[in-house]
Amino acid sequence: MTQTRDTAPPRGPATAPPNHAALAQGASAQDLAVGARRLLARLRDVMAGSGAAQDRLDKIVRTIAHEMGADVCSCYVMRAGEVLELFSTIGLNPSAVHKTRLRVGEGLVGDVAAHARPIALANAQSHPNFAYRPETGEDPFDSFMAVPILRGGRVRGVLAIQHIGRRDYDEQEVETLQTIAMVVAELVAAGELVDSRELSVAADLVLLPSRLDGVSLNRGVAIGHAVLHRPQLTIRQMVADDPEAELLRLKEAVDSMHSAIDRLLIAVGESEGEHAEIMQTYRMVANDRGWLNRIREAIRTGLTAEAAVQRVQNDTRARMSQAADPYLRDRLLDLDDITNRLLQHLAGRTMDTPGGTLPDEVILVARDMGPAELLDYDRRRLKGLVLEEGSGHSHVSIVARALDIPVVGQCAEVLSRVEPLDTLIVDGDNGQVFVRPAEDIQEAFAKSMAVRQQRRRDAEALRDLPSVTRDGVAVRLMLNAGLHIDLPQLRATGADGIGLYRTEIPFMVRATYPDVAVQRDVYAKVLDEAGGKPVVFRTLDVGGDKALPYFPDLEEENPALGWRAIRIGLDRPAMLRKQLRAMLHAASGRSLSVMFPMIAEVAELEKAKAVLDLELDRLTRDGVAPPRELKVGVMLEVPSILFQLDTLLPRVDFVSVGSNDMLQYLFASDRGNPLLNDRYDLLSPPMLRMLRMLARTCAEAGKPLSLCGEMAGRPLDAMALIALGFRTLSMAPPSYFEVKAMLRSLDVGAIAAYLDTLLDRPDRSLRPKLRAFARDRGVLV
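Reference entry: report on the structure contained in this document. Keep in mind that what you see is a predicted model, and the values were worked out from it rather than measured.

1. Regarding the overall build of the protein
Scanning the protein from N- to C-terminus turns up 27 helices and 22 strands. Counting the 781 residues in the protein, one finds 56% classified as buried. Of the roughly 32,200 Å² that the protein leaves accessible, carbon and sulfur atoms contribute 49%.

The following block contains the structure:
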């Protein structure tokens, strides 16, 4: 724990008044519930009373100790720098108040704060995290229980009780202390105990211009004014006098919320697209019976409907926030969203205009959020999104890409660095956010955006012109897709086809595994939209940071190098077979190209092709016409396969490079780690020499070669790829016209000759030299 033996008189169970023995050891569940309601009622009176916040906190601590018969009750409040300060105590040395401080993770109290979950111990001093702090005058004790004080998903402090006698705390007692912690959370959040500004950053840094680094979740650049997404309501009344009336209020609010969600689904068009499937999953969460039953049970213990909703969410967050499974983390975000939505309806407020009147150009800033919360905002004004957390595969990121706005995630401390209506620049291309930028920086970005928009307008005029360089080299430009909304871009851009269709996204947004019929319909629709243009379907590429809800959380130490992609497909052949069966049925009588991801050795390809052969045999037995043409390829992402190219190429019809993963595996550099974001460059000599070798080898073998990572969608990088010999590039739809404009302004012979002179250099990156070449030769990069 944290304390020692000084002057504070001990309080033992014997000192607990007899009429409050309901919460003592051995009481019945009914007695515990009655005692909990009585305790909450007393706390309600304390909160409603007058006086300074410190005085009210002292009264709360005394009341808890009295009602729960505790020898010690202490409240620690979070200060700046992740330090827990003892703010109030009964049973410890009073002089330790405001002097005893613990780091998050230090002692039992620090452990509760670090993991945001309660702890109950019958023999506390034997726990490995026990820490002794002499200044507290702590008497030897046996039993210890503490819960985090949570608000807005953040730990605001810790509430702890101790008993000298050995005892086993039951679940009802833990839940009672968690409910009390909610009351204290409102006191802390009011800013009377600790100035809320202290918990952000130092006052002299708050208003200075700054640049924050994060991770790009969607490309693009936007300038606008900050709108902070902090939807949590302050719960004024915790204890209810009439549980039945609260249950009725809950039912009315739930019905109102469900109707509002249905209206939202209709407004965004729920009939098509993966983002619509996300919203259907969201609706399922909002209808979850288990969640609603837990809220009803909490109301029956004496809480108001609002307090019960928040209590259940605190419990759920404590259980799920430590999960390594990205799917579970995303579901927690959905549940946070729905909890806030339900609280709004209980308060009689609508979600039509979050945050009141919005500026014309909104940059939304949030810790994280659910997909429906994003759709609550006026899409005509929403220009960008910045998240303290977030991942590229979260539901909100997928919906943001559907809205075509730049997104930067994993942007640490952004909520504490940004004030409402601050000017922000979101640079989704480089994963950066500029806070209160100087006028010259704003002007530079505004000019860049204007040039970009003009370039796009000019490039769109190239739609019907061939993708040919100035010296007559034809290059196929294709699109990457995975969302239904990407498919119309094939017609809008005039692209040559879909060079990569990511089949995993329909899997990721569903709560259950899609059967063969569902998959077949998805793939058939893609082929229909393509209108005879080639489509390359990549088989399921999940694992790592792309989790499926119906897969166990493996908690791998290094998921990027773990059980993912084709490794899962070969270890779960039934799943791979169903996917291949759906593709074969969808492409009956048409052309089909199948690409297996993350092939690390030829033996894996042979096993994957054997599974495909089984499904081709089944197709014949079922009397279904096979595809008119079937091509099989691999995605080159793992460097080991480069040493088997002579064995690989005769066995495939085409090859495609996944530059994102190839970069991280080639340099042993985690691309999700912000510390390594800029350390290695795609335009480095090692990467470019590897790609040149690959292009030459494939050309000699007569095998089509493409690249479908982010590298293909950046004009400067694409220029280098063409110089190396790549003749097919596949990119995200927003990049298409920029790359095409570059291509038509390029002389391949000149850039190829120049690049050859650079590849033996020791430079970390050749990007500056290539950019200078493009500028001097008038190449539009």
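Back to the text.
2. So, the sheet that holds strand 12 (residues 407–409)
Pairing within the open sheet is mixed, and its eight strands lie in the order 7-14-13-9-10-11-12-8. Two strands in the sheet have a free side with no partner beyond their single neighbour: strand 7 (210–213) and strand 8 (215–218). Recorded for the sheet is a direction-independent mean angle of 30° between the axes of neighbouring strands. Alignment of strand 11 (residues 382–387) against strand 12, held across two bridges, turns out to be parallel. Counterpart to Leu 385 in the pairing with strand 12 is Val 407.

3. A short note on helix 25 (residues 736–744)
Within helix 25, eight of the nine residues are buried, which leaves the element mostly enclosed by the surrounding structure. All buried positions along helix 25 are accounted for by Tyr 736, Phe 737, Glu 738, Val 739, Lys 740, Ala 741, Met 742 and Leu 743.

4. Some points on the nonpolar core
Within the largest apolar cluster, 97 residues are counted, with the highest numbers of intra-cluster contacts made by Leu 636, Leu 691, Met 719, Phe 726, Leu 729 and Leu 770. A total of eight residues in this core trace back to one element, the largest contributor, which is helix 24 (residues 715–724). Apart from residues no more than four positions distant in its own chain, Leu 691 is found in contact with Val 657, Leu 707, Met 711, Leu 721, Leu 724 and Phe 726. Within the second largest apolar cluster, 59 residues are counted, among which are Leu 40, Phe 87, Met 238 and Ile 261.

5. As for the sheet that holds strand 4 (residues 119–121)
Sheet architecture is open: six strands sit in the order 3-2-1-6-5-4, paired in antiparallel fashion. The outermost strands of the open sheet, each flanked by one partner alone, are strand 3 (101–103) and strand 4. Recorded for the sheet is a direction-independent mean angle of 20° between the axes of neighbouring strands. As defined by bridge partners, strand 1 (residues 72–79) adjoins strand 2 (residues 83–90) across seven bridges and the pair is classed as antiparallel. Residue pairing across strands places Tyr 76 opposite Leu 86, the latter belonging to strand 2. Helix-sheet contacts for helix 2 (residues 53–68) involve strand 1, strand 2, strand 5 (143–151) and strand 6 (154–163), and the interaxial angle to strand 2 is about 65°.

6. A few points about the pairing of strand 6
The side chains of a regular strand alternate, residue by residue, between the two faces of the sheet. In terms of residue burial, strand 6 counts as a mostly covered element, since eight of its 10 residues are buried. With six bridges joining them, strand 1 and strand 6 adopt antiparallel strand pairing. Bridged to Val 72 within strand 6 is Gln 162. As paired elements, strand 5 and strand 6 share nine bridges and run antiparallel to each other.

7. Structural notes on unusual backbone geometry
One non-glycine residue, Ala 116, adopts positive backbone phi at about 55°. Secondary-structure assignment places Ala 116 in the loop between helix 3 (107–115) and strand 4. Given the relative accessible area of 14%, Ala 116 is considered buried. In this model, Gln 410 sits at a positive phi of 50°, which is unusual for a non-glycine residue. Mapped onto the secondary structure, Gln 410 falls in the loop between strand 12 and helix 13 (414–417).

8. Looking at the side chain of Thr 63
Its location among the elements puts Thr 63 in helix 2. Residues in contact with Thr 63, not counting those within four places in the same chain, are Leu 39, Arg 42, Leu 43 and Val 46.

9. Quick word on helix 20 (residues 602–621)
Helix length check: helix 20 (20 residues) gives 29 Å between terminal C-alpha atoms against 28 Å at 1.5 Å per residue, within 8%. Turning to helix 20, its buried residues are Val 602, Glu 604, Leu 605, Ala 608, Val 611, Leu 612, Glu 615 and Leu 619. Among the structural elements, helix 18 (566–571), helix 19 (573–586), strand 18 (591–596), strand 19 (629–636) and helix 21 (645–648) are those in contact with the buried residues of helix 20. One or two positions beyond helix 20, positive phi appears at Gly 623, with a value near 75°.

10. Some details on the environment of Leu 375
Mapped onto the elements, Leu 375 comes out in helix 11 (residues 371–375). Here the alpha-carbon distance between Leu 375 and Ala 400, two residues 25 residues apart in the chain, equals 9.0 Å.

11. Digging into the packing of helix 17 (residues 516–530) against helix 19
Direction vectors running N to C along helix 17 and helix 19 enclose 45°, while the axes themselves pass 8 Å from each other. Between helix 17 and helix 19, the angle falls in the class oblique. At the point where helix 17 passes helix 19, the crossing takes the right-handed sense. Counted together, Val 516, Gln 519, Arg 520, Tyr 523, Ala 524 and Leu 527 of helix 17 and Lys 578, Gln 579, Arg 581, Ala 582, Met 583, His 585 and Ala 586 of helix 19 form the full contact between these two elements. Considered class by class, the residues forming the contact of helix 17 with helix 19 number seven nonpolar, three polar and three charged.

12. Quick notes on the packing of aromatic side chains
Aromatic ring pairs are described here by two measures, namely the spacing of the ring centres and the angle between the planes. Tallied over the entire structure, the rule returns six aromatic pairs. Summarising the aromatic geometry, the rings of Phe 667 and Tyr 680 are spaced 4.6 Å apart at their centres and angled 15° between planes, so their arrangement reads as stacked. Here the residue Phe 667 occupies a position in the loop between helix 22 (659–666) and helix 23 (685–701), and Tyr 680 occupies one in the loop between helix 22 and helix 23, the gap between them amounting to 13 residues. A residue is classified by how much of its surface remains accessible, and Phe 667, at 18% relative accessible area, is buried.

13. Quick look at the pattern of salt bridges
What the rule picks out here adds up to 33 salt bridges. Put simply, Asp 213 and Arg 211 hold a salt bridge, and the shortest N to O gap is 3.4 Å. Here Arg 211 falls in the partly exposed class, since its relative accessible area comes to 47%. Put simply, Asp 422 and Arg 436 hold a salt bridge, and the shortest N to O gap is 2.2 Å. With Asp 422 in the loop between helix 13 and strand 13 (423–427) and Arg 436 in the loop between strand 14 (432–435) and helix 14 (439–460), this residue pair connects regions lying 14 residues apart in the sequence.

14. Topic: the side chain of Thr 89
Note that Thr 89 resides in strand 2. Residue classification places Thr 89 among the buried positions, given a relative accessible area of 17%. A polar atom in the side chain of Thr 89 sits 3.3 Å from the backbone oxygen of Cys 73. At 3.0 Å, the side chain of Thr 89 forms a polar contact with the side chain of Ser 74. Contacts of Thr 89, omitting those with residues within four sequence positions, involve Val 61, Val 72, Cys 73, Ser 74 and Val 97.

15. Details of the pairing of strand 16 (residues 498–502)
Of all the five residues making up strand 16, four are buried; the element is thus mostly covered by neighbouring parts of the structure. Two elements, strand 16 and strand 17 (residues 535–538), share three bridges in a ladder whose sense is parallel. Within strand 17, the residue paired with Tyr 501 across the bridge is Phe 537.

16. Focus on the packing of helix 2 against helix 4 (residues 171–189)
One can describe the packing of helix 2 onto helix 4 by two numbers: an axis separation of 11 Å at closest approach and a directional angle of 170°. By the angle class used here, helix 2 and helix 4 are roughly antiparallel. Residues Ala 53, Arg 56, Leu 57, Ile 60, Ile 64 and Met 68 of helix 2 pack against Glu 173, Leu 177, Ile 180, Val 183, Val 184 and Leu 187 of helix 4. Looking at the contact of helix 2 with helix 4, its residues break down into 10 nonpolar, no polar and two charged.

Rules behind the numbers
Here the residue numbers are simple positions, counted from 1 along each chain's written sequence. Local features in a predicted model are, by the rule used here, given only for residues with pLDDT of at least 70; side-chain atom pairs are given and counted only at 80 or more, and totals for whole chains, interfaces and linings are based on all residues. Hydrogens and waters are ignored; side-chain quantities use all the structure's heavy atoms. Each helix corresponds to a stretch of at least 4 residues labelled H or I by DSSP, and each strand to a stretch of at least 2 residues labelled E; elements are numbered beginning at the N terminus. The cut-offs for exposure are 20% and 50% of the maximum accessible area for each residue type, with area from a 1.4 Å probe on protein chains only; residues under the lower value are buried, those over the upper are exposed, and the others partly exposed. Method for areas: the Shrake-Rupley scheme with a 1.4 Å probe, in which residue coverage is limited to the protein chains shown. Here a strand pair is declared whenever DSSP counts at least two bridges between the two strands. Lines are fitted to the C-alpha atoms to define the axes, a helix being fitted only along its stretch in contact, and any angle between axes, read from their N-to-C directions, falls within 0 to 180 degrees. Here, nonpolar core refers to any group of buried Ala, Val, Leu, Ile, Met, Phe, Trp, Tyr and Cys residues whose side-chain atoms link them within 4.5 Å. Any two residues whose heavy atoms approach within 4.5 Å are treated as being in contact. A helix's residues, less one, multiplied by 1.5 Å, set its expected span. If an angle is under 35 degrees, it is roughly parallel; if it is over 145, roughly antiparallel; if it lies from 65 to 115, roughly perpendicular; otherwise it is oblique. By convention the crossing between two helices is left-handed if the near helix lies anticlockwise of the far one by an angle smaller than a right angle, and right-handed if it lies clockwise. When residues are grouped by polarity, Ala, Val, Leu, Ile, Met, Phe, Trp, Tyr, Cys and Pro land in nonpolar, Asp, Glu, Lys and Arg in charged, and all others, Gly among them, in polar. A pair of aromatic rings is counted whenever rings of Phe, Tyr or Trp (Trp by its six-membered ring) have centres within 6.5 Å, and the orientation is called stacked for planes under 30 degrees apart, edge-to-face for over 60 and tilted otherwise. Just to be clear on terms, a salt bridge is a Lys or Arg side-chain nitrogen sitting within 4 Å of an Asp or Glu carboxyl oxygen. Identification of polar contacts relies on pairs of N or O atoms within 3.5 Å, with a donor-acceptor requirement for protein atoms, meaning one able to donate a hydrogen and the other able to accept it, and with residues adjacent in sequence counted only if both atoms are side-chain atoms.

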